[in-house]
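Reading the structure
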Amino acid sequence: SNQVMAVKLPALNTGHKLLCGPGPCNVHPSVLNAMAQPLLGHMDPAFLVVMDGVQVGLRELLGTTNPFTLPISATGSAGMEFCIVNLLEPGDKILVAVNGVFGGRMCEVASRARAEVVRIDTPYGQATDVARFVAAINEHKPNVVAFVHAETSTGVLQPGVQEICTAAHAVGALVVMDCVTSLSGCKIEMDAWGVDALYSGTQKCLAVPPGLSPISLNERALARVRARKSPVQSWYLDATLLAKYYSDGNKDRARAYHHTAPISLIFGLYEGIRLALEEGLDARIARHQAASKELQAGLKELGLTPLVEEAVRLPQLTTIALPAALHGAPEAKIRSQLLTEHNLEIGGGLGELAGKVWRIGLMGCNATSETVQTVLSSLRKVLPPQSA
């Protein structure tokens, strides 16, 4: 007889929520539609054409001509790990600028790769001082210099990227940059700035579901990989193996199976990139900036103060320094109320900022005046009188 399963799951119906936290953000309907396209095999020439299109589009958004530009089949944290484990060997020295949670995570990954880790720490909510960073590069002469371009935990945009890269190259170091939150929301000029390796995510300003990490390595970085004395510690993230599956500019080499790519996610990424290119990068960045400016003005009227000074504040992610009366349980209760009563998600703090800040993201298709006004209206309804 047919077995009757004891466990039954209800049909999935998530409903609609406005996602204005630090990511993921809401996804454009055409991206969801692209993800619903019939599957193709991961070695089907028709799918490889789509993947090539993703690579071409990513190069445009990242400001690079690097052939080795592709989406890693995992989230942004895997992109971080990819860059670090490919470029570092045991005993190598890495200098990391830490001004938030994700700079700290770089140190953790590098430590597990048995590198010598040197930190340059800056208080959360501030950018790393460029002159101090350059001085540390000259003092320590590391193999790799790493920093976060857009620190998601604090809402800080790091200035002086080209100056940092120039100093690093002068001592023979490679530069790794985290641009998870800046991709398609801020200007990125990988080649002009001199960045050797970078990684990003799809669930922020590209407004694609999480699960892929765009990365790019230039020829300097690839030469370091080829010159390794020991194998890359991760088989899955080994750049030399991935190059045989993705197009790396070598048209004479047949594609070799490495792993089964997440086909539907790559369809979604293709559409997200297509929309960004159709809008135009300058127009898209300006839209994020305009939404941020409108949000800042509204928050000021509510008596809420940004954590980050304007000169280095990320337009797509605003961190609010909460009054002491809201620290801890009160702020968590308000965020919960926003989610349950207003279908609005905003983010809390991470690390040492946990319970002390809110993070409001206006990313991708959420970077609009309509979204800003919905956020401000909801905050007015839930903030206690002394805060509003």
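These notes cover the structure that comes with them. (Residues numbered from 1 in each chain as written. Predicted model: local features only at pLDDT ≥ 70, side-chain atom pairs only at ≥ 80, totals over all residues. Heavy atoms only, no water.)

**Quick word on the packing of aromatic side chains**
By convention here, two paired aromatic rings are described through the distance between centres and the angle between planes. Under the criterion given, the structure shown has 3 aromatic pairs. Measuring from ring centre to ring centre gives 6.2 Å for F47 and F267, while their planes differ by 65 degrees; the resulting arrangement is edge-to-face. Residue F47 is found in helix 2 (residues 45-62), and its partner F267 is found in helix 10 (residues 263-279); the two are separated by 220 residues along the sequence. Like F47, the residue F267 is buried in the burial classification. Their ring planes at 85 degrees and their centres at 6.3 Å tell us that F133 and F147 sit as a pair that is edge-to-face. One end of the pair, F133, is in helix 5 (residues 130-140); the other, F147, is in strand 5 (residues 144-148), with 14 residues separating them in the sequence. (Phe/Tyr/Trp six-rings, centres within 6.5 Å; stacked < 30°, edge-to-face > 60°. Helix = DSSP H or I, 4+ residues; strand = E, 2+ residues; numbered from the N terminus. Buried < 20%, exposed > 50% of the residue type's maximum accessible area, 1.4 Å probe, protein only.)

**Comments concerning helix 2**
For helix 2, with 18 residues, the first-to-last C-alpha span of 26 Å sits near the 26 Å given by 1.5 Å per residue. When helix 2 is considered as a whole, its buried residues turn out to be F47, L48, V50, M51, V54, Q55, G57, L58, R59, L61 and L62. Where helix 2 is buried, its residues touch strand 2 (69-72), helix 7 (190-193), strand 9 (197-199), strand 10 (213-217), helix 10 and helix 11 (281-301). N-cap assignment for helix 2: the residue whose side-chain oxygen lies 2.7 Å from the backbone N of A46 is D44. (Expected span 1.5 Å × (residues − 1). Contact = heavy atoms within 4.5 Å. Polar contact = N/O pair within 3.5 Å; in protein donor to acceptor, adjacent residues only side chain to side chain.)

**Thoughts on the sheet that holds strand 14 (residues 347-348)**
Ordered in space as 11-12-15-14, the 4 strands form an open sheet in which the pairing is antiparallel. Looking at strand neighbours, the two that pair on one side only are strand 11 (305-306) and strand 14, the edges of this open sheet. Looking at chain direction, strand 14 and strand 15 (residues 357-361) are connected through 2 bridges and run antiparallel. Opposite G347, over in strand 15, you have R359 as the bridge partner. Here helix 11 sits on the sheet and contacts strand 11, strand 12 (317-321) and strand 15; the angle it forms with strand 12, its principal contact strand, is near 15 degrees. (Pairing = 2+ DSSP bridges. Axes fitted to C-alpha atoms, helices over the stretch in contact; angles between N-to-C directions.)

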